[in-house]
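Geometric and topological summary
Spelled out from the first residue to the last, the chains are:
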Amino acid sequence: MTVSSDDLSAPLGQTEVRKRRFRLPISAPQAVAGVLGVVLLGFLGFAIFGDNPLGGEPVSRVALKPPAPAEEKPPIEIKRGPAKAAEKAPEVTGQKTITIIDGSSGARRDVVVSSDGSETVEPGAPEAAPPVISGINPKLLEKSRYGMVPIAADGLKPVSAYAAGSDAERAKAMKTPSIAIVIGGLGVGAAKTADAIMKLPAAVTLGFTPYGSDPGKLVERARAQRHEVLLQLPMEPFDYPDNDPGPQTLLATATPEQNLDRLLWHMSRFQGYVGVANFMGARFVAADAAMQPVIRDAGKRGLGYFDDGTAARSVGQAVAEGQGMPFARADLGIDTVPTSADIDKALAKLESLAKERGYAVGFASALPISIERIGAWAKALESRGVMLVPLTTAMLKSKTGKRLWSRVNSAQPNRCVNCVRDARGIDGMARYEDLPYRTCVGMMLINPEGLVFIGRRAGGIEHVDETHVWQMPQGGVDPGEDTWEAAKRELYEETSVRSVEKLGEVPDWLIYDIPRTVAGRSWKGRYRGQRQKWFAVRFTGRDEEINVVAPGGGHKPEFIKWRWEPMKNLPDLIVPFKRPVYERVVKEFSKLSGE
């Protein structure tokens, strides 16, 4: 029997129980890995099956109870500055006034709402339009949907109320060759605008576009420096919209209502201008139907119209003169070629024209070189016997000049103003292409049988042979005269007829040119042709009423005899250069003849 040392050392009678060491079934790394796996599985299960769109973000839930209507309290007013008692307007039955307070600024606003919430009105709400410039006559303003716009009132017009220069200066200008210069494109670009205002003589007229962050302040500054101011209206050019004048552009394809609404927006941008002018707009100013309502509205408001002369086909002068409103057109562009030498040549040409015709008008942009050369040229202008005048003075002088030339021509029949022999003109007078059209009306008088009145002209330079001497009654429109009233007047003054009823009118103005060979002798050389508004009327009287030898009003006879003629024959009886107009008139009124 083998005895171990342990057995020998153990006490007698006691048997030691051997201790057994505990061992885990897995190792420690394996246990850690298992715990992590359980945690991961629990997270994935929560993410997949848990309904928590906020992704574990802390959420606080508060129960809100709507207040009873009887317990509704007015909002607390936050007042800044000195306290002032507010006057509360009486509430209308079915309406409530709610005070809305801006939490950041403390501004308060009263809003009136109907009981059904269908209408909202803000009494005393601030206007979004620019503020009125100081020095503006409040009588010459009226409120539009965009703000204050000019208007004529009590016999006073903006074109005269805001005209620069004194009566003494205007009287002197009537006897002295005068030049008016308009600088356009101002209002956008404070630096160039400030240069034009401060560096150019006060007599220079400044044209402002309606754009810019605050054109009103710049206009106010210009008027403080005694500059006359124009509002330039953005108008559609031929390459629109590739060449876009800006927002609210007047468009030839827009309706009159649309253009008039845009006109109001432009006119509300600032006040104190004597008239309006085109800003670009070669297409628009050539469209008579588009120009008519715009210029008519401006004329009724007591404004003048300035044409910058860049569009050869512009009807601006004819339309403005037809409305009896002050008008001026630039004779040339001063900085068309923006170099010192070319600008100086243009200014010298203006001087020559002013000395020959009595006045001249130039147009330039606010280029630094233009401002510098015009300023230097103007310093010695008066020493050369020429005055620099505001645009309104040139407008007045152009009217006076026409009356003076009219008297000269009547006394000396061989002389004429604006005589035209070729495209170059003579002696610095206006070229044939630059002459305006005379505003005129025509009347187609139709008898109950559908035949049309024609008269044989008593004579005139338009005659080319004995066949083409017959025409319908026509005549000029006096300044400010309604075309329908003018048509009835002309019919009476040429035929003695008053017994008529209106049947219709040609919607467009019809234009014709007179031959160059007679342009210098017709209408004393002042026009290149006529723009006509045609009316059709039914003759309700008897033939005995017609008297062309001694027509109504004691006027000089236009016809030596007359007859009734089928409408279709009229184009073959009129002088050839008027035939396209007669063909259009016959086409428009053919349904009235019963043929």
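All figures in this text were calculated on a predicted structure; none of them were measured in a lab. (Residues numbered from 1 in each chain as written. Predicted model: local features only at pLDDT ≥ 70, side-chain atom pairs only at ≥ 80, totals over all residues. Heavy atoms only, no water.)

Some points on the overall build of the protein chain
The number of helices and strands found in the protein chain is 17 helices and 22 strands. Considering the protein chain as a whole, with its 595 residues, one finds that 43% of them fall into the buried category. Contacts spanning at least 24 positions in sequence make up 69% of the contacts within the protein chain whose residues lie at least 6 apart. For the protein chain, the accessible area works out to roughly 33100 Å², and carbon and sulfur atoms hold 55% of it. (Helix = DSSP H or I, 4+ residues; strand = E, 2+ residues; numbered from the N terminus. Buried < 20%, exposed > 50% of the residue type's maximum accessible area, 1.4 Å probe, protein only. Contact = heavy atoms within 4.5 Å. Areas by Shrake-Rupley, 256 points an atom, 1.4 Å probe, with all protein chains shown as cover.)

Observations regarding helix 12 (residues 368–379)
Given a rise of 1.5 Å per residue, 12 residues ought to cover 16 Å, and the 17 Å separating the end C-alpha atoms of helix 12 matches this to within 8%. Taken as a whole, helix 12 has its buried residues at Ser-370, Ile-371, Arg-373, Ile-374, Gly-375, Trp-377 and Ala-378. Elements in contact with the buried residues of helix 12: strand 6 (178–186), helix 5 (190–199), helix 11 (340–357), strand 13 (359–365) and strand 14 (387–388). (Expected span 1.5 Å × (residues − 1).)

Some points on the side chain of Glu-228
By the secondary structure assignment, Glu-228 is in the loop between helix 6 (215–224) and strand 8 (229–235). The charged side chain of Glu-228 is buried without a salt bridge, its nearest counter-charge being Arg-170 at 5.9 Å. A polar contact is formed between the side chain of Glu-228 and the side chain of Thr-392, at a distance of 2.6 Å. Once residues within four sequence positions are removed from consideration, Glu-228 is found in contact with Tyr-162, Ala-163, Ala-164, Ala-202, Val-204, Thr-205, Leu-206, Val-274, Pro-390, Leu-391 and Thr-392. (Lys, Arg positive; Asp, Glu negative; His and termini not counted. Salt bridge = Lys/Arg side-chain N within 4 Å of Asp/Glu carboxyl O. Polar contact = N/O pair within 3.5 Å; in protein donor to acceptor, adjacent residues only side chain to side chain.)

Looking at the packing of aromatic side chains
Overall, the coordinates contain 13 aromatic pairs when judged by the stated rule. Ring centres 5.5 Å apart and planes at 80 degrees place the aromatic pair Phe-270 and Tyr-273 in the edge-to-face group. The pair Phe-270 / Tyr-273 is uniform in exposure class, with both members buried. Ring geometry for Phe-306 against Phe-363: centres 6.1 Å apart, planes inclined by 40 degrees, an arrangement best described as tilted. Linking Phe-306 in strand 10 (residues 304–307) with Phe-363 in strand 13, this pair joins segments that are 57 residues apart in sequence. The cationic tip of Arg-563 hangs over the ring face of Trp-470; the distance from NZ or CZ to the ring centre is 4.2 Å. (Phe/Tyr/Trp six-rings, centres within 6.5 Å; stacked < 30°, edge-to-face > 60°. Lys NZ or Arg CZ within 6 Å of the ring centre and 35° of its normal.)

Regarding the packing of helix 11 against helix 12
In a packed pair of helices, the relevant descriptors are the angle between the two axes and the axis-to-axis distance. The N-to-C vectors of helix 11 and helix 12 enclose an angle of 45 degrees; their axes lie 10 Å apart at closest approach. Classified by the angle their axes make, helix 11 and helix 12 are oblique. Judged by the twist between their axes, the crossing of helix 11 over helix 12 is right-handed. Of the residues in helix 12, those touching helix 11 at Ser-340, Ile-343, Asp-344, Leu-347 and Glu-351 are Ile-369, Ser-370, Arg-373, Ile-374 and Trp-377. (Axes fitted to C-alpha atoms, helices over the stretch in contact; angles between N-to-C directions. Parallel < 35°, antiparallel > 145°, perpendicular 65-115°, else oblique. Left-handed = near helix turned anticlockwise from the far one by under 90°.)

Focus on the packing of helix 5 against helix 6
Where helix 5 contacts helix 6, the two axes come as close as 9 Å, and the packing angle between them is 15 degrees. The orientation of helix 5 with respect to helix 6, classified from their angle, is roughly parallel. Every pair of crossing elements has a handedness; the one defined by helix 5 and helix 6 is right-handed. Together, Thr-193, Ala-194, Ile-197 and Met-198 of helix 5 and Leu-218, Arg-221 and Ala-222 of helix 6 make up the contact between the two elements.

Re the environment of Leu-503
Mapped onto the secondary structure, Leu-503 falls in strand 19 (residues 500–505). What Leu-503 contacts, discounting residues up to four positions off in sequence, is Ile-446, Ala-536, Val-537, Arg-538 and Leu-592.

Points about helix 11
Here helix 11 is 18 residues long and its end C-alpha atoms lie 26 Å apart, about the 26 Å a rise of 1.5 Å per residue gives. When we look at burial in helix 11, the residues that qualify are Ile-343, Ala-346, Leu-347, Leu-350, Glu-351, Leu-353 and Ala-354. End-on, the buried residues of helix 11 take up no more than an arc of 170 degrees, which puts them together on one face. Set apart from the buried face of helix 11 by more than 90 degrees, the exposed residues are Lys-345 and Lys-349. On its buried face, helix 11 sits against strand 6, strand 12 (332–333), strand 13 and helix 12. Gly-358, located one to two residues past helix 11, shows a positive phi value of around 105 degrees. (Arc of directions from axis to C-beta.)

Section: the pattern of salt bridges
Charged atoms that come close allow side chains of opposite charge to pair. Enumeration according to the criterion identifies 25 salt bridges in this entry. The closest approach of N and O atoms between Glu-505 and Lys-533, which form a salt bridge, is 3.8 Å. With a gap of 28 residues between them, Glu-505 in strand 19 and Lys-533 in strand 21 (residues 529–539) connect regions that are remote in the sequence. Put simply, Asp-513 and Arg-528 hold a salt bridge, and the shortest N to O gap is 3.3 Å. Note that Asp-513 is positioned in strand 20 (residues 510–513) and Arg-528 in the loop between helix 15 (516–519) and strand 21, a separation of 15 residues in sequence.

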